[in-house]
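Reading the structure
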Amino acid sequence: MHSRAYMFLERDYLLLQRQPAWGIEAHPLHEDNFFEWTATIQGLKDTLWEGGVFVVSLKFSERYNDEPPSIHFHTIPFHPNIDMKTGRPCIDFVDDVSLWRESYSLHFILISLQFMLSNPVIEGAINVEAANICEDQPDLYRHMTLDCVKASQQLFGNKFGEQSRGGDQKQTSLVEDAELEKRISSYLSKISFDDYLTTWTGIATSKPQTDMKNPLLEVIKNDSKLQTAHFGLTLEELQEQMKKQLNEHNAIMYGNFGKKQKVQDERERRLDHLNKMKKIYLPRRSAPPPSTAAHSEVGEPWEGDVEDLVAWTNNLDEDDLEF
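Quick caveat: nothing in here was measured; it's all calculated off a predicted structure.

1. Some remarks on the packing of aromatic side chains
- Scanning all chains against the criterion turns up 14 aromatic pairs.
- Where Trp37 meets Phe60, the ring centres are 6.3 Å apart and the plane angle is 70°; that geometry is what we call edge-to-face. One end of the pair, Trp37, is in strand 2 (residues 33-42); the other, Phe60, is in the loop between strand 3 (53-59) and strand 4 (70-73), and 23 residues separate them in sequence.
- A residue is classified by how much of its surface remains accessible, and Trp37, at 2% relative accessible area, is buried.
- Both rings, one in Phe93 and one in Phe108, keep their centres 5.5 Å apart while their planes meet at 40°; by these two values the pair is tilted.

Next up, the structure:
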């Protein structure tokens, strides 16, 4: 004849078969032992844990259901309410026997675990590090949660096969714990507050005051090597690039008025110089005095040279004049 605890577990097993909960599967680890169970719990839809598959072991005593079972996650997620070392979840009615009720069933326990994943309790969290990140750095917590979901998807197939064949669960759990802790550690690093303030204030583009100095630039201003590493250019090259960009910006915003004015002034200077040449080298022309017919037909010998010089100057291209 079976014990009272065995009959309760048999009842719970039939309830799970008749009214299965979404994303939850559970069965005894061995056919001849109803006091050790294994269950798989999937993360709820439309939550950060959607797609995750987590293996849970449950051990019942002969006092069930006067007291709760012993519960441990074998696929341990990074969660404020789950111990990273043992995989033990932090649930009030599991931790405190006085809060346990005989009406609670295995079905209720597994649904509570599934709900706990997407609804962490920060106050009194057993994983303090996860609780702090969840509260203070939600983006990082989201990233680490998605990483846990991906890792659980990769590990679930092999682990479930080992459990169904009665493999060594403890060794597999230790390997998974080490891999998960290594993944989590790769995202975390400790820096001093002064380093944090200097770096992020230097990166920030807004300043509370217009005359406020950039602390990052103040740190590297006396070290040419640090400046070269920060800007990717030497100081001379940086100044040249800044000057070039400033000129390009002014040309786009205001146009090249200065250059056009300079070209116009140069052209006027050349014309003025040409007029002075004409006044110096060309005598002022006046009406010739009356002369004989022979003289008027032949003219003075220098008049031909003057006419040639006038024709030459009139044919000059002012843009090609170089002085």
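2. Notes on the layout of surface pockets
- Volume-wise, the second largest pocket comes out at about 240 Å³.
- Around the second largest pocket sit Asn81, Cys90, Ile91, Asp92, Ser112, Phe115, Met116, Asn119, Val121, Glu123, Gly124 and Ala125, which together line it.
- No other element matches the 3 residues that helix 3 (residues 106-118) contributes to the lining of the second largest pocket.
- When the residues that make up the lining of the second largest pocket are grouped by side-chain class, the tally is 6 nonpolar, 4 polar and 2 charged.

3. Considering a nonpolar patch on the surface
- A grouping of Ile252, Met253 and Tyr254 is seen on the molecular surface, where their side chains present a nonpolar patch of about 400 Å² in accessible area.
- Mapped onto the elements, Met253 comes out in helix 10 (residues 235-254).

4. Considering helix 3
- Those residues of helix 3 that fall on the buried side of the exposure criterion are Leu106, His107, Ile109, Leu110, Ser112, Leu113, Gln114, Met116 and Leu117.
- The secondary structure elements touched by the buried residues of helix 3 are helix 1 (4-18), strand 1 (24-30), strand 2, strand 3, strand 4 and helix 2 (92-95).

5. Thoughts on the pattern of salt bridges
- This structure, assessed with the given rule, holds 4 salt bridges.
- For Asp66, the salt bridge is made with Arg4, and the minimal N-O distance between the two is 3.5 Å. Here the residue Asp66 occupies a position in the loop between strand 3 and strand 4, and Arg4 occupies one in helix 1, the gap between them amounting to 62 residues.
- A salt bridge links Asp95 to Arg88; the shortest N-O distance between them is 3.4 Å.
- You can call Asp95 partly exposed: its relative accessible area is 39%.

6. Considering the UniProt feature "active site" (unreviewed entry) in the protein
- UniProt marks Cys90 with the feature "active site" (unreviewed entry), using the numbering shown here.
- Residue position: Cys90 is located in the loop between strand 4 and helix 2.
- Beyond its immediate sequence surroundings of up to four residues, Cys90 is in contact with Asn81, Asp95, Met116, Gly124 and Ile126.

7. Considering the packing of helix 1 against helix 3
- The geometry of helix 1 relative to helix 3 is characterised by a closest axis approach of 8 Å and an angle of 60° between their N-to-C directions. With respect to each other, helix 1 and helix 3 are oriented oblique. Note on element contacts: helix 3 touches helix 1 through Leu106, His107 and Leu110, opposite Asp12, Leu15 and Leu16.
- For the contact of helix 1 with helix 3, the class distribution of residues is 4 nonpolar, 1 polar and 1 charged.

8. Details of the sheet that holds strand 1
- Spatial strand order, 1-2-3-4: 4 strands in an open sheet with antiparallel pairing. Edge strands, defined here as strands with exactly one partner in the open sheet, are strand 1 and strand 4. Taken pair by pair, the neighbouring strands of this sheet meet at an average axis angle of 25°, ignoring direction.
- Pairing of strand 2 with strand 3, which is carried by 7 bridges, proceeds in the antiparallel orientation. In the sheet register, Ile41 faces strand 3, and the bridge partner there is Phe54.
- The sheet contacts of helix 1 involve strand 1 and strand 2, and relative to strand 2 the element is tilted by about 30°.
- Contacts between helix 3 and the sheet are confined to strand 1, strand 2, strand 3 and strand 4, with strand 2 contributing the most and set at about 30° to the helix.

9. Observations concerning the environment of Leu217
- Locating Leu217 in the fold gives a position in helix 8 (residues 215-220).
- For Leu217, a relative accessible area of 34% gives the class partly exposed.
- It is 8.2 Å that separates the C-alpha atoms of Leu217 and Gln227, two residues lying 10 residues apart in sequence.

10. A closer look at the nonpolar core
- In this structure, Trp37, Leu58, Phe60, Phe73, Leu110 and Leu113 are the most contacted members of the largest nonpolar core, which totals 43 residues.
- With 6 residues, helix 3 is the single largest residue contributor to this core.
- With near-sequence residues (within four places) excluded, Leu58 lies in contact with Phe35, Glu36, Trp37, Ala39, Pro69, Ser70, Ile71, Leu106, Ile109 and Leu110.

11. Quick notes on the environment of Met144
- You can see Met144 is positioned in helix 5 (residues 138-164).
- The exposure class of Met144 is buried, given its relative accessible area of 2%.
- Sequence spacing of Met144 and Ala130 is 14 residues, and the spatial spacing of their C-alpha atoms is 9.6 Å.

12. Some words on the pairing of strand 2
- The buried count for strand 2 comes to 7 of 10 residues, which makes it a mostly enclosed element.
- Relative to strand 2, strand 1 runs antiparallel, the two sharing 6 bridges. In the sheet register, Ile24 faces strand 2, and the bridge partner there is Ile41.

Calculation criteria
Residues numbered from 1 in each chain as written. Predicted model: local features only at pLDDT ≥ 70, side-chain atom pairs only at ≥ 80, totals over all residues. Heavy atoms only, no water. Phe/Tyr/Trp six-rings, centres within 6.5 Å; stacked < 30°, edge-to-face > 60°. Helix = DSSP H or I, 4+ residues; strand = E, 2+ residues; numbered from the N terminus. Buried < 20%, exposed > 50% of the residue type's maximum accessible area, 1.4 Å probe, protein only. 1 Å grid on protein atoms, 1.4 Å probe; cavity = no way out; pocket = protein on both sides within 12 Å on 5 of 7 lines; lining within 4 Å. Points joined across faces, edges and corners; volume = space filled by probe spheres on them. Nonpolar A, V, L, I, M, F, W, Y, C, P; charged D, E, K, R; others polar. Patch = residues over 30% accessible without salt bridge, like charges linked within 9 Å, V, L, I, M, F, W, Y side chains within 5 Å. Areas by Shrake-Rupley, 256 points an atom, 1.4 Å probe, with all protein chains shown as cover. Salt bridge = Lys/Arg side-chain N within 4 Å of Asp/Glu carboxyl O. Contact = heavy atoms within 4.5 Å. UniProt positions renumbered as here; feature names shortened; annotations may be inferred. Axes fitted to C-alpha atoms, helices over the stretch in contact; angles between N-to-C directions. Parallel < 35°, antiparallel > 145°, perpendicular 65-115°, else oblique. Pairing = 2+ DSSP bridges. Core = buried A, V, L, I, M, F, W, Y, C linked by side-chain atoms within 4.5 Å.

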